Structures are given as C-alpha cells and as structure tokens.
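Architecture at a glance
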Amino acid sequence: ADIEALRRALGYDQINLYGVSYGTMLAQVVVRDYPDHIRSAVLDSAYPIWEYVFADAPLSLAHYFDTIFTNCEQDGVCRLIYPDARAVFAQIVDRVRQPPPVLANFDPVTHETFTVTLNHIDLTGWLVYSAPRRVPALLYDLRDGDYTELLVDQRTALENAHRPQWPLSEGMKLSVACSLRLIQVTPQQMAETNAKYSLAEWANRDSTTNLAVCAQWPAREVDARDAEPLHTDVPLLVIGGEYDPGSPPRYAETVAAASTHGYAFSVPTAGHGVLVVADPCANGIVYSFLHDPLRQPDSSCLSHTRGAGFVVRAAISRPVVLVLVAMLSAALAWSAWRGAKYARRHEPGLAWRISLRLLGWWPVAAGVGAVAAAWLLGPLGIAPLEPRRVLETIVPLLAGVHAAFLFSPEDEPGLEVTLACPRPLAWTILERLAWLLALQGGLAVIGSVVMLNVTGETLSVTLSRWIVPLLFFVGLGVCLTLMTRQAVMSVGLITVLWCGLMLASEVLVKQWPFLWPLALYLQPDQPDYGPNRIFLILIGLWLIRLAATYFIRDEERVLLGRRGKSKRRPRAQQEG
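The notes below deal with the structure included here. (Residues numbered from 1 in each chain as written. Predicted model: local features only at pLDDT ≥ 70, side-chain atom pairs only at ≥ 80, totals over all residues. Heavy atoms only, no water.)

All right, on to helix 13 (residues 280-291) then. For helix 13, spanning twelve residues, the distance from its first C-alpha to its last is 17 Å, which sits close to the expected 16 Å at 1.5 Å a residue. Within helix 13 the residues assigned to the buried category are Cys281, Ala282, Asn283, Ile285, Val286 and Phe289. Each element contacted by the buried residues of helix 13 is listed here: strand 2 (38-44), strand 5 (236-241) and strand 6 (262-267). (Helix = DSSP H or I, 4+ residues; strand = E, 2+ residues; numbered from the N terminus. Expected span 1.5 Å × (residues − 1). Buried < 20%, exposed > 50% of the residue type's maximum accessible area, 1.4 Å probe, protein only. Contact = heavy atoms within 4.5 Å.)

Right, let's get into the packing of aromatic side chains. Scanning the entire structure with this criterion turns up ten aromatic pairs. Note on Tyr64 and Phe65: the rings are 5.2 Å apart at their centroids and 70° apart in plane angle, and the pair reads as edge-to-face. Phe65 shares its class with Tyr64; the two are buried. Between Phe65 and Phe69, the ring centres sit 6.4 Å apart and the planes meet at 25°, which makes this aromatic pair stacked. You can see Phe65 and its partner Phe69 sitting in helix 3 (residues 57-74), four residues apart, about one turn around the helix. (Phe/Tyr/Trp six-rings, centres within 6.5 Å; stacked < 30°, edge-to-face > 60°.)

In this section: the environment of Leu61. Along the polypeptide, Leu61 turns up in helix 3. By relative accessible area, which is 1% here, Leu61 ends up buried. For the pair Leu61 and Pro245, spaced 184 residues apart in the sequence, the C-alpha separation amounts to 5.2 Å. Contact partners of Leu61, with chain neighbours within four places excluded, come to Thr124, Val128, Leu199, Trp202 and Pro245.

Strand pairing in a sheet relies on backbone hydrogen bonds, with the paired strands running either antiparallel or parallel. The four strands are arranged 1-2-5-6 in an open sheet whose pairing can be described as parallel. The open sheet has two free edges, formed respectively by strand 1 (15-20) and strand 6, since each of these has just one partner strand. Each neighbouring strand pair of the sheet contributes to a mean axis angle of 15°, computed without reference to strand direction. Here strand 5 pairs with strand 6 via six bridges, running parallel. Counterpart to Gly240 in the pairing with strand 6 is Ser266. Taken strand by strand, helix 13 contacts strand 1, strand 2, strand 5 and strand 6, and its axis lies near 165° from that of strand 2. (Pairing = 2+ DSSP bridges. Axes fitted to C-alpha atoms, helices over the stretch in contact; angles between N-to-C directions.)

Turning to the state of the cysteines, a few remarks are in order. Evaluated as defined, the whole model comprises three disulfides. Residue Cys72 pairs covalently with Cys78 via a disulfide, S to S 1.9 Å. Disulfide Cys72 to Cys78: torsion about the S-S bond roughly -90°, handedness left-handed. You can call Cys78 buried: its relative accessible area is 2%. A disulfide bridge connects Cys178 with Cys214, and the sulfur atoms are separated by 1.8 Å. Negative torsions about the S-S bond denote left-handed disulfides, and the value of about -75° found for Cys178 with Cys214 makes this one left-handed. In this pair, Cys178 sits in helix 9 (residues 170-179) while Cys214 sits in helix 11 (residues 200-216), placing the two residues 36 residues apart along the sequence. Judged by relative accessible area, Cys178 falls into the buried class, the value being 7%. Here the disulfide map of the protein chain reads 1-2, 3-4, 5-6, the bonded cysteines being numbered as they appear in the sequence. (Disulfide = S-S within 2.5 Å.)

Structure below.
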C-alpha cells in the first residue's frame, strides 16, 4: 500500500519494480494487489510468497553443496586437486561432531584471546558464507588439520564489526519476513528435515531464532491470500544465482511461471543478489527486458558466463617454495663465500664518508615527512595508511627510489675514472647499499618502536612488515638502473609495481591462495606469513646479488654504456 501511495504521489501511471531477496516477496504482493499500475517487475534471488521457504531451507542447502561438488567434478583442475571433495566433506562433518575441536583465536581490534568450539553447525555456516569456489580448498585444509583459514575469516568478521556496514534495515526485513510465509516452520518439519539432511541443523537453528524474534516483532498477521499461488499478467523477470544457498534456481522458475510473461534465468557461478554485484550479462538481460517486457530477453550471454575457477589452496605451493628457498639459500651462501674470498685477496679501499656524502640526507628527510603525513591521514580509514601499515608502504618505496638513483652512471661521471683506480667496484656497491639500508632501515626501526603502543603488535612482527619490501625494492631499484642506465625509468617501474603489489596483495591471496609466496604485503594474520617473509627476503637478497654480479663482471658497460657483447675478463678479476 505504501508503494501504491508513493506511485500516486509521484504522478506515475505505471512503474517498474525491482526487488532483491526478501524484497522479491514484497514485490510479488504489490504485483498481486495493484497489477494495473505495474509495468514490469525484476526479481533478483526470489522467494515465492506462497511457499514455506524456511521449511524448505535444508533442501536448498543440500542442493547448494551438491552444485559445488558437481561443478568441481566437472572442472579438470578441481577434479585433479580435490578428487574426493564430496566424501571429504562428509568425513569432516562427522569428525567435528564428536568431539568438536577447540581452537584458539584473538580479536584483531582488542587483541584479546579466546577459544572457539567448532561444531558441525558452525562449520556449515562458515562454509555457506565462504565463496563457493573456496569450499573444496577449505575442506581439504580441514582434512589436513589446518584451521587457519577459518580463524582468519573469524578475525576478519570481528574487524568488520567495528566498521560501517552496508545499511541493511533489519526492521524492514523482519516486517516483511514475519508477516509473510517466509519463516513459518513447525517443530515437526524441522525434526523431519534434521533426520533427512545432514546439514539441516544449521538452517533450522536460524529458523528457530527467527520464529522467536517474530513472536516479539509487531508485524501483521499472515494474510490468507499469501497461501495461494500468484497468477498475474504483469511481466516478471526472475534472475537467480547458481550458487544461492537460500534461493535455488527452482524458485526462479516457480515465480516466473506465475506470470503469462514470466522469464527465469540462472546465472552461472553467481550467488545471492546477482544484480547487486553488477554482472554484465545479467544486467544486459535486465535492460533488454525493461525495453520490451512482453518479449523474452536475449540470454545467449549466459552460455559464455563463467567466473573464476575453483581456488587452488595454499598448500599446493608450499613444497615448491621450500625447494626454491633451499636453492636460493645455497646460491647466496656460495656467493657470500666467494665474496669473502675476494675480500681477503684485495685491499678494501673503503670510503665510507664519501659514500655517505653522495648518499645524501634528503631521502631520509622525505621519509620522515611522508610517514608523518601518512600518520595524520590514518583516521581517514585508508587501509595502506593505517598506523600498523604506514612503514611497510612508505619506507620501501622511498628506499627503492633512492637505490635507483644511487647507481646511475650517467648522473655521476666521476665513476668513469674508477676503472683506472686500484679500488674495486665491489666496495662501491657495498658501501652505498650499506649506508642506504642503515639510514632507511634506521628510520623504520625508530618508527616501529614508536608505533608499538599504538598497533599492539610485537616488535618482531612490526619489523617483518617493512624489512621484506625494503630489501625487495632496493634490490629491484639497483638492478633496473644498472640494466637500463635510466634512473627515471627505474623509478617509474618501481612506483607502478609498488602500487600494484600494495593494492593487490590481499586480493591476490584471496583469489588465488597458492600465490601467497608472491604477496609482498601479506598481513601477519594470514596463513604462511613466516615462509612468505623468508622467501621474499631471499628474493630481495638475490636481486642485490644479481646487481653486484652485473656491476663487477661488466664494469665498462655499466660505467661507460658500451654496447655489444662484452669480452670476458680474467677469472681473477671476476671472483666475488
């Protein structure tokens, strides 16, 4: 009635309705009661008003998981990595029934520790609210006794509880749900579904809670007309997601059949609220329908709509990373031994004061100013500028830019005379990198100590945040400058890469967990944080070693820019 009054107040002869989730039930009532003034209705993730939807919830839930496992079995990669996902799911549900495992976790905001008893009902809920493409990977992690992802998701939920959320009106939802047939479930129905479906207890627990709330909520009595199937000439476009645990595709077909011009579509790999995530294909179908509601819209794009495949879990890449860590460690140890051997044979010829003077203090001053500015902008809620992350985002970038300019021969002609001097170039790169790391690292260490009371993290965690990107960008800056002989180009490439890694690290791990070794800004509460730090530190050291080798073995090309293949120098001059 309110919608009809609003239509009259706005002076519209006819309107198009759009409803999503429980809003589709309200839309069906409007279509039923005021059909003459409704041009069309678009129903996203619909529930039929004449069915006991929550009584049907256990069946919908079983269909949801069956769809996931069926699609996994039909996907070559998923079938190869998770060959028994369906059976593993049943095993895990049985395992957590007796006795339920007790897990330790902490609140990321208050830093208080607590324990979690994981029963089969809570396990079901966690899997339902996880992305469907993650489910097989999560199940295999649980099979191996790895509960890290579950604990991380719980910490994320606790952290999000302190942030502004999408303004969903719980009061409006209850007013619609309690006055329609959405939640009407009898104890006998729940007992029957509990006996029939192994996962029914989670759905029925929610039904019990909702029944208790509705008993207190001032909603109108259920209308007797709501028990009658809808019949209308108003055109209905009903869109559902293939992965919708509450509104399965059969509901879309049921509601669409209520209209003489009803069209039902299921969007592959989509979940609840298909149009909320702005799927291009689904939106195109909607636009076509609104243009001519009496004509079936073109849905050919659905045959080409397929989202990202199933997640490849992090455990897949762990053996590979262990092998690479061993190889890099051996190579760096070998290089260090050769460097030490070289140092014993030659006069050091160190010139620390000259290198410090050439290094300059302006980058450190710029770092202090940038960190202070980021600290002041922290209250704006920008994730990379949060107090605990400001050092890991600002200092490594400045250090990488600094390193890029340190070894730009065209900007320092004095280096050209080095070839005629007894002082080896090895000491040049050693001195400058040592000073750079000492100054920029010293700034970060001081900042880490200052921020300990604010972030609540341990000193080791705070240091590990910025040490890894610092070494990576310093090594990358030196390599790019020496190989391109263009410091400005190196700075541009470093800046672009820094932006990409800073913004994409979390998304990278979330979408493709097996790529965790490449997440430069992986957060300490994420799985494999320790191995990630070790692996990327070795990569940074390898980049520095690569730059040193290139510097020493081809001095003429580095300093003078000589083109063409360089002549090999005597072995004695190459060592180190």
